Amino acid sequence: MTITDVKPTESEPGTTRRGRTRHIQGTQRRGIALHVSLIVGVLLSAFPFYWAVIMSTHTSTEIFSYPPKLLPGSHFGDNLSKLFDSIDFFGSMFNSLIVATSVTFLVLFFDSLAAFVFAKFRFPGRRVLFAMMMAIFMVPAQLAAIPQFVIMAKLGWIGSMTSLIVPAAANAFGIFWMRQYMKSAIHDELLDASKIDGASFMRQYWHVALPVVRPGLAFLGIFTFMGQWNDYAWPLIALTNPDNVTLQVALSQLNGVHGTTDYGMVMTGAVLALIPLLIVFAIGAKQIIADLGKGAIR
């Protein structure tokens, strides 16, 4: 019997088809399980925001009623009117916008500039300076509150928004994050080519480095803006002028404004305070996704 006379067993084709079918079914089941898990995660993450919106449309009595009300009420207008009568909402929101926007732009500039130097240039003491910066990163911010207050008082900045903007103009986390991003995103050959073309340091930073690391800058911008917008402790200490209070400090004044806390009014203020954060996050996330898709081609 020659080799050509050997015929495959009849079970082999069926076995192959059954194996493919099982593989396809297993892949489909894993895909369904993944999508269900993602949907459940999204619902759990979104529920606190939904619950905040619902509470802003009810009175305090309705909020604590049982069973809890899961549908919108009819008191949002009343809560809104009481909110505007209790605090200068738009004035404090404008102050928060000034502080958060100014700090975000300063952090993006100074942190990315320092990170560019740490990531792509060799100079004496580079490792020591970076180690000192990381040591500062490990220190809780609360420990610096008293020395920072003394410095701001000696400079005459207590009570003004300058005391919030200048100390936050650069931070160790942003430098660390951008350094790690630049080390892998910016190739040395790109910088070498720019040097051959006669580009100066700032030209390399502005025209070579920044276009490549825009997704990292977008994340840092979102992170910084949200942190400054939600900051409460330091503005409460430094802003002794009532006209310069930020939104979070103003919202804290709603506790006990009418003798007892009106939780419907408080939640209305909290929901309105979320709107700028959602706008910034949407813009930043869109920038991240767009730049990740075309960053390699650029």
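Because the structure is a prediction, the values reported are computed rather than measured. (Residues numbered from 1 in each chain as written. Predicted model: local features only at pLDDT ≥ 70, side-chain atom pairs only at ≥ 80, totals over all residues. Heavy atoms only, no water.)

What about a nonpolar patch on the surface?
Stated precisely, the cut-off is as follows: What makes a patch is a set of residues exposed beyond 30% relative accessible area and free of salt bridges, joined within 9 Å when like-charged and within 5 Å when nonpolar (Val, Leu, Ile, Met, Phe, Trp, Tyr). Here the accessible surface of atoms and residues is derived via Shrake-Rupley with a 1.4 Å probe, and residues count as covered only by protein chains that are part of the display. Each reported salt bridge corresponds to a side-chain nitrogen of Lys or Arg within 4 Å of a carboxyl oxygen of Asp or Glu. We count a stretch as a helix when DSSP gives it H or I for four or more residues in a row; a strand needs E for two or more, and each element gets its number in order from the N terminus. Note on classification: 1.4 Å probe, protein chains only; a residue is buried when its accessible area is under 20% of the maximum for its type, exposed when over 50%, partly exposed between these limits.
A surface patch of nonpolar side chains, amounting to about 390 Å² of accessible area, comprises I32, V36, V40 and L44. Structurally, the position occupied by L44 is in helix α1 (residues 11–55). Taking the relative accessible area as the measure of exposure, L44 reaches 62% and is therefore exposed.

Concerning the packing of helix α4 (residues 89–120) against helix α10 (residues 201–212)
Quick reminder of the rule: As a rule, the C-alpha atoms of each element are fitted with a line to give its axis, helices using only the stretch in contact, and angles between N-to-C directions run from 0 to 180 degrees. Angular relationships are summarised with four words: roughly parallel below 35 degrees, roughly antiparallel beyond 145, roughly perpendicular across 65 to 115, and oblique for the angles in between. Any two residues whose heavy atoms approach within 4.5 Å are treated as being in contact.
Contact geometry of α4 with α10 gives a least axis separation of 11 Å together with a crossing angle of 105°. With respect to α10, the axis of α4 lies roughly perpendicular. On α10, the residues touching L108, F109, S112, L113, F116 and V117 of α4 are F201, M202, Q204, Y205, A209 and L210.

A word on the packing of aromatic side chains
The condition is simple: Aromatic rings from Phe, Tyr and Trp, with only the six-membered ring used for Trp, were paired whenever their centres fell within 6.5 Å, and each pair was classed as stacked if the ring planes differed by under 30 degrees, edge-to-face if by over 60, and tilted otherwise. Definition used: whenever NZ (Lys) or CZ (Arg) falls within 6 Å of the ring centre and also within 35 degrees of the ring normal, the charge is taken to sit over that ring.
Tallied over the full model, the rule gives 22 aromatic pairs. Between Y205 and W206, the aromatic rings sit 6.4 Å apart at their centres with planes inclined by 55°, giving tilted as the arrangement. We classify Y205 as buried; its relative accessible area is 1%. Residue class for W206 comes out exposed when judged on its relative accessible area of 51%. Among the aromatic side chains, those forming a connected cluster through ring pairs are F109, F110, F116, F121, F201, Y205 and W206. The ring of F130 is capped by R179, whose NZ or CZ atom sits 4.1 Å from the centre of that ring.

Some words on helix α5 (residues 126–138)
Going by this rule: Multiplying 1.5 Å by the helix residue count minus one yields the expected span of that helix. Arc definition: directions from the helix axis to the C-beta atoms.
Over its 13 residues, α5 extends 19 Å from the first C-alpha to the last, a length consistent with the 18 Å expected when each residue adds 1.5 Å. The set of residues buried in α5 consists of R126, F130, M133 and M134. Within α5, the buried residues cover an arc of 100° as seen down the axis, which keeps them to one side. Opposite the packed face of α5, turned more than 90 degrees from it, sit the exposed residues V128, I136 and M138. Buried residues belonging to α5 abut α4 and α8 (172–185).

Everything listed here is a matter of coordinates, which is why it stays silent on function.
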